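So the chains spell out like this:
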Amino acid sequence: MSPITKTKLSPVSFALAMLLVSCGQSEFRGDNSAVAEQVIEEAPPGVPEQISDTEVHFGDEKVFHIGDGKYSESSCKEQIDTYALTGTRYFFEFEVKEPATAIDVSINKICGVDYPRVSTSRLTGRTPGTNAYPSRPLAVSADKLQLDRLILGPGKYALIVESGIGQEDPGARDHDDFLVGKIAIKADKKIVAGAVRTE
């Protein structure tokens, strides 16, 4: 076995060597389409932003992909392609701390709702004794949604955004795939950010 010899590299040579090593570890494997693979993963939902004592945001810096991953003819396909699928139903949770709190909920980014009357948004009480509020359909091609103002008592609540199954093509029977983001929950009294979860 020949002895290992040490070679001193100039700073430029060292930088080139490191660049070649890092390229070799990339997920991109040349131009061969059989092996080329670009992995684009959505960051975990994480903790929402507590903007102030009376305002919580979800998805200011990212969006959430809702659906079942079947969206070849989606009106928002290029954007949906960049986000991994996580579920057909999202829960954006928050807590109301005081009685008679006025709540305004808006979804300020929506892209890709293509099936009529099946995908919905609703606010549900998660604490026993709190009320559940009726669902509101997401309109085809909608880019935002504002819910009616609600007066809530203390308790834990969740804004639920859910993808429904399309009825237009009985043979397909797949869930609508779309994106939501820039969700704002504003109150006139103290509210506290909860978690984001999916099913």
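For every chain, the first residue of the written sequence is number 1, and numbering continues from 1 along that sequence. A pLDDT threshold of at least 70 governs which residues receive local features in this predicted model, and a stricter bar of 80 or more applies before side-chain atom pairs are shown or counted, although totals over entire chains, interfaces and linings include all residues. To obtain the side-chain values, all non-hydrogen atoms of the structure were included, while hydrogens and water were left out.

Participant: Would you explain the side chain of S163 in this entry?
Facilitator: Under the scheme used here, helices are H or I runs from DSSP no shorter than 4 residues and strands are E runs no shorter than 2 residues, and both carry numbers assigned from the N terminus. For S163, the location among the structural elements is in the loop between β9 (155-162) and β10 (178-187). At 2.4 Å, the side chain of S163 forms a polar contact with the backbone oxygen of D176. Between two residues, a contact is recorded if the distance between any of their heavy atoms is within 4.5 Å. In this view, S163 contacts I66, G67, T88, S119, H175, D176 and F178; residues no more than four positions away in its chain are not counted. Nitrogen and oxygen atoms within 3.5 Å of one another constitute a polar contact, given that in protein one can donate a hydrogen and the other can accept it, and given that sequence-neighbouring residues count only through two side-chain atoms.

Participant: For this particular structure, what's the right way to read unusual backbone geometry?
Facilitator: As a rule of thumb, non-glycine residues mostly have phi less than zero, and peptide bonds are mostly trans rather than cis. Positive phi values are uncommon outside glycine, yet A100 reaches one of about 50°. By the secondary structure assignment, A100 is in the loop between β3 (89-96) and β4 (101-111). In this structure, K182 is a non-glycine residue whose phi angle is positive, near 50°. Each residue gets one of three labels from its accessible area relative to the maximum for its type: buried under 20%, exposed over 50%, partly exposed in between, using a 1.4 Å probe on protein chains only. Taking relative accessible area as the criterion, K182 reaches 39% and is therefore assigned partly exposed.

Participant: Got a minute to help me understand the side chain of E162 in this structure?
Facilitator: If you trace the backbone, E162 turns up in strand β9. Taking the relative accessible area as the measure of exposure, E162 reaches 17% and is therefore buried. There is a polar contact of 2.6 Å between the side chain of E162 and the side chain of R89. There is a polar contact of 3.1 Å between the side chain of E162 and the side chain of R122. Not counting residues within four places of it along the chain, the set of residues in contact with E162 comprises I66, T88, R89, S119, T120, R122 and F178.

Participant: How do you make sense of the nonpolar core when you look at a structure like this?
Facilitator: Soluble, globular proteins show a tendency: their nonpolar side chains are buried together. Here, nonpolar core refers to any group of buried Ala, Val, Leu, Ile, Met, Phe, Trp, Tyr and Cys residues whose side-chain atoms link them within 4.5 Å. With 29 residues, the main nonpolar core has F92, I103, L159, V161 and V180 as its most contacted residues. With 5 residues, the top contributor of residues to this core is β10. If we ignore the near neighbours within four places in the chain, the residues touching F92 are F58, F64, Y157, A158, L159, V161, V180, I183, A195 and V196. Within the second largest apolar cluster, 6 residues are counted, among which are Y71, C76, C111 and L179.

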